[in-house]
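# Structural features, examined
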Amino acid sequence: MGVLIGALTIGFILSLLALGVYISFRVFNYPDMTTDGSVTLGAAVAAALLVYKVDPLTATLVATLAGLAAGATTGILHTRFRINELLSGILVMTALYSVNLHIMGRSNLPLLSERTLASQAEDVGKRVFGETVQIAGWSVAGTDLSVLLLSFFAAVVVGVILFVFLRTNLGTAMRATGNNPQMIRALGGNTDLMVVCGLALANGIIALSGALLAQYQGFADVQMGLGMLVWGIASLIIGESLIGVKSVGFLITGTIMGCVLFRLLVAIALRWGMNPNDLKLITAAFVFAALILPGLLAKLRIKERKAAHA
Amino acid sequence: MLEVRNIYKTFNQDTPDEVKALQGVSFTIEDGSFVAVLGTNGSGKSTMLNAVAGAFQVDAGQILLDGHDITRLPEHQRARYVGRVFQNPFSGTAPDMSIAENLALASMRGQTRGLGWAVSPRMLDEFKTRIRQLNMGLEDRLSTMIGKLSGGQRQALTLLMASWLRPKLLLLDEHTAALDPKTAKKVIELTESIIQKDHLTTLMVTHSMQQAVNLGDRLIMMNKGQIIHDFRGEEKRRLRANDLLALFDEVRRKEQIDHTTAEMLSQAYV
């Protein structure tokens with residue numbers, strides 16, 4: 001049961017990252033490599049501030065702002081200096097590696113004795129739920145449950161805010177920028193500014209995810225962002241095949257569900273003895289398959305139809 | 001009033017692909033005038049329209065709208081004054097967004113977009129009333145994704161969107177060229193009714209002589225990046241497609257074919 005709760009908690013925390021990737025990759029059609037750097041940036045900033053005994057909520061907020069700045073930098077590199085989308089993300093990601101090392105002062109920063117959002121939630125949980133809670137016949141530690149609820153709450157709040165935002169005038173213009181930039185320019189939308197703001201928003205949420213992850217795991221590590229963009233895309237794809245409707249609300253819900261489900265599958269696979277070293281390889285292979293399958297299936301169907309006609 | 005003063009544009013300058021697209025184009029369009037611009041492929045007519053829209057910066061010359069110099073204004077800032085319909089019916093609308101959302105975007109053309117709801121129930125009523133004038137039955141499908149509509153429907157919507165907030169200038173870039181004849185006819189009728197109703201100042205690029213003759217109160221003919229004829233008033237009204245055909249023949253004859261090409265052509269075709 002503990003494994004399940006842990007997987008769900010990480011799933012919800014990472015679903016914030018997936019929502020960030022939803023903004024950059026789906027709304028703006030932008031494969032944003034900054035993601036890998038800004039997860040770590042969020043974790044590093046939060047961890048460094050927590051070590052300095054800064055209030056956890058403030059630390060998390062500052063981490064989010066740092067991600068915002070990283071995303072805006074990528075956006076400016078792309079729109080202002082006309083650097084290719086992938087390359088501008090890679091440049092910022094690479095630069096962030098050094099920045100993150102400077103922020104943390106070393107490659108791994110433990111938070112075991114610091115007060116974090118997770119430890120605060122655990123304190124509350126102990127008071128509310130007691131040592132253990134019975135859920136459907138399972139006994140669950142009250143502390144674990146409270147952290148799970150916190151991460152669930154974070155995912156829902158960010159999801160709802162994003163849902164509302166994407167239906168405002170500004171949010172609609174951002175979606176149009178990704179969907180048909182020529183059209184929105186002809187209607188007076190500043191597409192460059194939209195891209196900068198959109199990437200800032202995306203990476204802010206991604207850094208928030210990193211900050212929460214560091215506080216839950218109890219450490220920040222300079223390598224923790226590796227492969228996170230692909231993870232986010234995998235979550236997106238699972239969410240889309242789960243719900244499969246092209247409206248914003250469904251996509252946001254699907255993305256959160258997809259991320260949690262993916263994390264659960266990974267936890268089960270690890271439990272069954274999958275080598276943790278293979279995780280990134282399998283994630284990449286999964287995204288590859290999901291990207292080419294629709295095309296292959298369509299081709300097969302055409303062939304079948306031709307065969308039927310012959 | 002639109003004033004275009006002696007604009008020049010060369011693409012790929014100093015390369016083998018150099019194209020002198022505009023070579024000193026000047027004209028003035030009075031308020032409420034509907035001007036058709038006619039020319040063959042490569043005559044510079046679309047380039048001229050895009051220069052006015054701000055798709056690129058001109059090399060020299062000035063563009064003034066109602067006396068304001070908009071020559072250096074980026075495309076999205078000009079959009080505040082200018083409504084546009086593109087040749088490609090898929091260019092003017094966002095396919096993965098609903099009809100209502102597309103109209104909402106158009107209803108904010110050139111304005112600051114804040115955090116108000118893009119689509120409110122009050123707006124839906126207005127959307128319905130105005131979309132009904134298209135006579136396409138779209139008023140009951142406001143939540144349909146635009147990508148599910150036909151090219152003609154999308155072009156009609158683009159036209160409605162471009163004129164949603166009365167623009168100072170409406171730019172039509174061969175907006176029926178990619179449609180089938182029946183749909184094209186319908187879109188043209190719609191164009192006329194919208195322009196007449198709102199007295200829109202319009203610049204329409206076309207390569208259809210029939211369209212150029214039937215529509216508008218003025219006709220500008222372009223060739224090789226320059227204006228070669230400008231018909232207005234009674235002269236424009238009397239103009240027939242055959243007259244234009246004769247003019248184009250004349251242009252072709254003037255562009256002397258050199259000896260070797262003529263020989264090659266006669267061997268191939270005679």
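Procedures and definitions
Residues numbered from 1 in each chain as written. Chains lettered and ligands numbered in written order. Predicted model: local features only at pLDDT ≥ 70, side-chain atom pairs only at ≥ 80, totals over all residues. Helix = DSSP H or I, 4+ residues; strand = E, 2+ residues; numbered from the N terminus. Rg over C-alpha atoms; globule rule 2.2 N^0.38 Å. Contact = placed C-beta atoms within 7 Å. Pairing = 2+ DSSP bridges. Buried ≥ 20, exposed ≤ 12 C-beta atoms within 10 Å, placed from the backbone. Axes fitted to C-alpha atoms, helices over the stretch in contact; angles between N-to-C directions. Parallel < 35°, antiparallel > 145°, perpendicular 65-115°, else oblique. Nonpolar A, V, L, I, M, F, W, Y, C, P; charged D, E, K, R; others polar. Domains from an automatic or database assignment. Core = buried A, V, L, I, M, F, W, Y, C linked by C-beta atoms within 7 Å. Expected span 1.5 Å × (residues − 1). Arc of directions from axis to C-beta.

### Some remarks on the overall build of chain B
If you tally the helices and strands in chain B, you get 10 helices and 10 strands. A compact globule built from 270 residues should have a C-alpha radius of gyration of about 18 Å, and chain B, at 20 Å, falls within 12% of that. C-alpha extents for chain B along the principal axes are approximately 70 × 40 × 40 Å. Excluding contacts between residues fewer than 6 apart, the proportion of contacts in chain B whose partners are at least 24 apart in sequence is 70%.

### Thoughts on the pairing of strand 10 (residues 226-232) of chain B
Consecutive side chains of a regular strand alternate in pointing toward one face of the sheet and then the other. All names here are of chain B. Where strand 9 (residues 218-223) meets strand 10, 6 bridges bridge the pair, whose relative direction is antiparallel. Counted as the bridge partner of M222 is I227 from strand 10. Between strand 9 and strand 10, which follow one another and run antiparallel, lie 2 residues, and K224 among them has a positive phi close to 50°.

### Concerning unusual backbone geometry
All names here are of chain A. Unlike most non-glycine residues, N29 shows phi in positive territory, near 60°. Within the secondary structure, N29 is located in the loop between helix 1 (2-27) and helix 2 (34-51). Of note, the phi angle at R82 is positive, near 55°, even though the residue is not glycine. With 8 C-beta atoms packed within 10 Å, R82 lands in the exposed category.

### Side note on the packing of helix 5 (residues 151-162) of chain B against helix 6 (residues 181-198) of chain B
Helix packing for two helices is described by the angle between their axes and how far apart those axes are. Residue and element names in this part refer to chain B. Relative orientation of the contacting elements helix 5 and helix 6 amounts to 10°, with a least axis distance of 10 Å. Overall, the two elements helix 5 and helix 6 adopt an arrangement that is roughly parallel. Where helix 5 approaches helix 6, its residues G152, Q155, A156 and L159 are matched on the opposing element by T183, K186, V187, L190, T191 and I194. Within the contact of helix 5 with helix 6, the residues separate by chemical class into 5 nonpolar, 4 polar and 1 charged.

### Some points on the interface of chain B and chain A
In this complex, chain B contributes 26 residues to the contact, which on the side of chain A involves 20 residues. Looking at the side of chain B that touches chain A, the elements that each hand over two or more residues are helix 2 (75-78) and helix 3 (99-106) of chain B. Looking at the side of chain B that touches chain A residue by residue, the classes come out as 12 nonpolar, 7 polar and 7 charged.

### A few points about the domain arrangement of chain A
Residue and element names in this part refer to chain A. Along its sequence, chain A is organised into domain 1 (2-274) and domain 2 (277-310). Here domain 1 and domain 2 have C-alpha centroids that lie 29 Å from each other. In this complex, domain 1 contributes 8 residues to the contact, which on the side of domain 2 involves 8 residues. Here the side of domain 1 that touches domain 2 is composed, by residue class, of 7 nonpolar, 1 polar and no charged.

### Quick notes on the nonpolar core
One recurring pattern in soluble globular proteins is that nonpolar side chains are buried together. If you look at the biggest cluster of nonpolar residues, it comprises 163 residues, and the most contacted ones within it are A:A43, A:V45, A:A46, A:A47 and B:V37. Tallying contributions element by element places helix 9 (residues 191-217) of chain A first for this core, with 16 residues. Not counting chain neighbours up to four residues away, the residues in contact with A:A43 comprise A:G210, A:A211, A:L213, A:A214, A:A220 and A:M224.

### Focus on helix 6 of chain B
Working note: α-helix, 3.6 residues per turn, so residues spaced by three or four point in the same direction. Residues and elements named next belong to chain B. The end-to-end C-alpha separation of helix 6 is 26 Å, in line with the 26 Å expected for 18 residues at 1.5 Å each. Buried within helix 6 we find V187, I188, T191, I194 and I195. Seen end-on, helix 6 carries its buried residues on one side only, within an arc spanning 130°. Facing away from the buried side of helix 6 by more than 90 degrees, the exposed set consists of K182, E189, S193, Q196 and K197.

### As for the sheet that holds strand 7 (residues 169-173) of chain B
All names here are of chain B. The strand order 6-7-8-3-9-10 describes an open sheet built from 6 strands, whose pairing is mixed. What marks the edges here is a single partner per strand, and that holds for strand 6 (82-85) and strand 10. Along the sheet, successive strands turn relative to each other by an average axial angle of 20°, direction set aside. Where strand 3 (residues 34-39) lies against strand 9, 5 bridges are found, and the strand directions are parallel. If you follow A36 over to strand 9, its bridge partner there is L219.

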